[in-house]
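Examining the three-dimensional arrangement
Here is how the chains run, residue by residue.
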Amino acid sequence: MNKPSNVVEMTPETNLGDNSTAAYDIEKIRADFPILSREVYGKPLVYLDNGASAQKPRQVIDAISEVFEQYYSNVHRGVHWTSQQSTTAFEGGRSKVAKFLNAPSENEIIFTRGATESINLVAHSWGRTFLKAGDEVIISHMEHHANIVPWQMLRQELGIDLKVVPIDDDGNFMFDEYENLLSPKTKLVAVTHVSNALGSVVPVKDVIEKAHAQGALVLLDGCQAVPHAAVDVQDLDVDFYVFSGHKLYGPTGIGVLWGREDLLNSMTPYQTGGEMISSVTFEKTTFKKAPHRFEAGTPAIAEAIGLGVAIDYVQAIGLDNIAAHEHGVLQYATERLLTIEGLKIIGTAKEKAAIISFDLDGVHPHDLGTFVDRAGVAVRVGHHCAQPVMDRFGVAATARASFGLYNTRGEVDALVDALEETRKFFG
Ligand SMILES: *Cc1c(COP(=O)(O)O)cnc(C)c1O
């Protein structure tokens, strides 16, 4: 299959973001992702939907095949060779996640199916154990539905109150308003680290400090943060941190809940069954400690191993290098997009990750998405599972370009060209 022509023409140097180093070999990185060299509709695939899910490097694809071809078995159960091999590799995945987040202990890494399940786990297990009517949970106006609905369910069930931190016209988290909402009734602040719809980075360290001063815990939704920058849960001094494997160049079906060990062991299990028990009689069951306490049933074995390999992959490149590269692409894309007549960027926060939501005057986002798709450019259109954000900006949907570690300025040019064509077609 052909390489995208707009990439081949460029040398690594011309391709680099302003802050990138020569060590960031974009051609070598791109070559690791088989899908990036394919064409769609006879055009090079330009994949700008990383916020929804990222593509997988050969290393991850191979690791998953290797599990099934070489040593697959259920984990934690067998005395036989394959079970031991699988268990070692699976627990190795856990240990890589722990190092990735700088967690003090591997026991604090709970494997889930994804961030959605991780947040539901906290809402059920921690929420049902520790919350009562009148307690308050604070979220922000730019949460993904996964960090809204579980708390609404608790409101209905337990009578807790849900407070929402507003965002300003640029999509900044309004810190003063947040401080006003905090009170001794606040038991949990559950906010996104980076907005999936706007790219806004939330000042989470300050958020955590203020919450703790009121005796409240903090859960961060790190789905859009971990692919773009290094995260250190000890430095943040956070209480819960969640993310999904598939947005971090890993497989689907695997996600992470990190929580402080004492906190996790004080929580009632979410699901019950197989490996999570210490003993079962018909009178009484006792539960294991974290992480097994929260991993009922056979886990996603190959996926956890694949996630570990994805983490190895991004760490080999270096999160700081990735952040610098993406920052360069973000700046370039922002400048180029603003040259398009009638294009408005929604979300211009002071600090942003490489996500750009936009609106093109007179063109419905779905038409836009369909039109640029024919040019091989994949962008997301819709409400991005963040309808309150759309309401805040008075739109039903936006188009969104979200960049990953392999995206280039050449691909930004392809997007801009396709948008110019779109504008002419509909204009
Ligand atoms: C994608 C996303 C989620 C949900 O992740 P799943 O993998 O679908 O469970 C939650 N929050 C944010 C900010 C996201 O981007």
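Residues numbered from 1 in each chain as written. Predicted model: local features only at pLDDT ≥ 70, side-chain atom pairs only at ≥ 80, totals over all residues. Heavy atoms only, no water.

A closer look at the site of the ligand
- Around the ligand sit Gly114, Ala115, Thr116, His144, Thr192, Asn196, Asp221, Cys223, Gln224, Ser244, His246 and Lys247, and that is every residue in its neighbourhood.
- Here threonine 116 contributes a side-chain N or O atom positioned 2.6 Å from an oxygen atom of the ligand.
- With respect to the ligand, the side chain of histidine 246 contributes an N or O atom lying 2.7 Å from an oxygen atom.
- Coverage of the ligand by the protein amounts to 86% of the 380 Å² it exposes when considered alone.
- Among the residues forming the shell around the ligand, the class breakdown is two nonpolar, eight polar and two charged. (Near = heavy atom within 4 Å. Polar contact = N/O pair within 3.5 Å; in protein donor to acceptor, adjacent residues only side chain to side chain. Areas by Shrake-Rupley, 256 points an atom, 1.4 Å probe, with all protein chains shown as cover. Nonpolar A, V, L, I, M, F, W, Y, C, P; charged D, E, K, R; others polar.)

Focus on the sheet that holds strand β17 (residues 398-402)
- Here four strands make up an open sheet; going across it, the order is β13-β14-β17-β16 and the pairing antiparallel. Each of the sheet's edge strands pairs with one partner strand only, and the pair in question is β13 (343-346) and β16 (380-382). Across the sheet, the mean angle separating the axes of adjacent strands is 30° when strand polarity is ignored.
- Of the strand pairs in this sheet, β13 and strand β14 (residues 355-360) are connected by four bridges, and their pairing is antiparallel. If you follow lysine 344 over to β14, its bridge partner there is aspartate 359.
- Strand contacts of helix α13 (residues 319-337): β13 and β14, with the helix running at about 10° to β14, the strand carrying the most contacts.
- Strands in contact with helix α16 (residues 409-426) are β13, β14 and β17; relative to β14, the strand with the most contacts, it is inclined by about 15°. (Pairing = 2+ DSSP bridges. Helix = DSSP H or I, 4+ residues; strand = E, 2+ residues; numbered from the N terminus. Axes fitted to C-alpha atoms, helices over the stretch in contact; angles between N-to-C directions. Contact = heavy atoms within 4.5 Å.)

Quick notes on the environment of arginine 380
- By secondary structure assignment, the location of arginine 380 is in strand β16.
- With 329 residues separating them along the chain, arginine 380 and glycine 51 place their C-alpha atoms 8.5 Å apart.
- For arginine 380, the residues in contact, after removing those within four places along its chain, are Asp49, Ala52, Thr398, Ala399 and Arg400.
- Side-chain polar atoms of arginine 380 contact the side chain of aspartate 49, separated by 3.3 Å.

A short note on the domain arrangement of the protein
- Domain annotation of the protein identifies domain 1 (15-57 + 318-426) and domain 2 (61-315).
- Centre-to-centre separation of domain 1 and domain 2, based on C-alpha positions: 28 Å.
- At the junction of the two partners, domain 1 supplies 41 residues and domain 2 supplies 35 residues.
- Together, the buried faces of domain 1 and domain 2 total about 3,200 Å²; carbon and sulfur atoms form 56% of this surface.
- When residues of domain 1 are sorted by the area they lose upon contact with domain 2, Pro57, Leu319 and Arg392 head the list and together hold 19% of the total. (Domains from an automatic or database assignment. Buried area = accessible area lost by both parts, 1.4 Å probe.)

Remarks on the pairing of strand β6 (residues 161-165)
- Looking at chain direction, strand β5 (residues 136-140) and β6 are connected through five bridges and run parallel. If you follow glutamate 136 over to β6, its bridge partner there is aspartate 161.
- Read from β5 through helix α7 (residues 149-158) to β6, the crossover connection turns out right-handed. (Right-handed = clockwise from strand over helix to strand, strands pointing away.)

Comments concerning the state of the cysteines
- Following the criterion strictly, the structure yields zero disulfides and no others.
- Free cysteine: cysteine 223, not disulfide-bonded; nearest cysteine sulfur from cysteine 385 at 11 Å.
- Since its relative accessible area comes to 8%, cysteine 223 is described here as buried.
- Accessibility expressed as a relative area gives 33% for cysteine 385, which makes it partly exposed. (Disulfide = S-S within 2.5 Å. Buried < 20%, exposed > 50% of the residue type's maximum accessible area, 1.4 Å probe, protein only.)

Re helix α9 (residues 204-213)
- All buried positions along α9 are accounted for by Val204, Val207, Ile208 and Ala211. For α9, the arc enclosing every buried residue in end-on projection is 95°, short of the 170-degree limit, so these residues lie on one face. Residues of α9 that are exposed and point over 90 degrees away from its buried face: Glu209 and Ala213.
- Along its buried surface, α9 packs onto α8 (175-181), β7 (186-192), β8 (217-221) and α10 (233-236). (Arc of directions from axis to C-beta.)

With respect to the nonpolar core
- Core analysis: the biggest nonpolar cluster contains 74 residues, and Leu101, Tyr178, Tyr241, Phe243 and Leu405 have the highest contact counts within it.
- A total of nine residues in this core trace back to one element, the largest contributor, which is helix α12 (residues 301-317).
- If we ignore the near neighbours within four places in the chain, the residues touching leucine 405 are Tyr24, Ile26, Ile29, Phe33, Tyr249, Tyr313, Val314, Ile317, Ile322, His325 and Glu326.
- The next biggest cluster of nonpolar side chains, apart from the first, holds 29 residues, and it includes Trp126, Val137, Phe240 and Val242. (Core = buried A, V, L, I, M, F, W, Y, C linked by side-chain atoms within 4.5 Å.)

Topic: the packing of aromatic side chains
- A full pass over the atoms with the stated rule returns 14 aromatic pairs.
- Measuring from ring centre to ring centre gives 5.4 Å for phenylalanine 90 and phenylalanine 111, while their planes differ by 55°; the resulting arrangement is tilted. On the criterion of sequence distance, the pair formed by phenylalanine 90 in helix α5 (residues 81-100) and phenylalanine 111 in strand β4 (residues 109-112) is long-range, its members being 21 residues apart.
- Residue classification places phenylalanine 90 among the buried positions, given a relative accessible area of 0%.
- Looking at phenylalanine 111, the relative accessible area reads 7%, which means it is buried.
- When the ring of phenylalanine 173 is compared with that of phenylalanine 175, the centres are 6.4 Å apart and the planes differ by 55°; the resulting orientation is tilted. (Phe/Tyr/Trp six-rings, centres within 6.5 Å; stacked < 30°, edge-to-face > 60°.)

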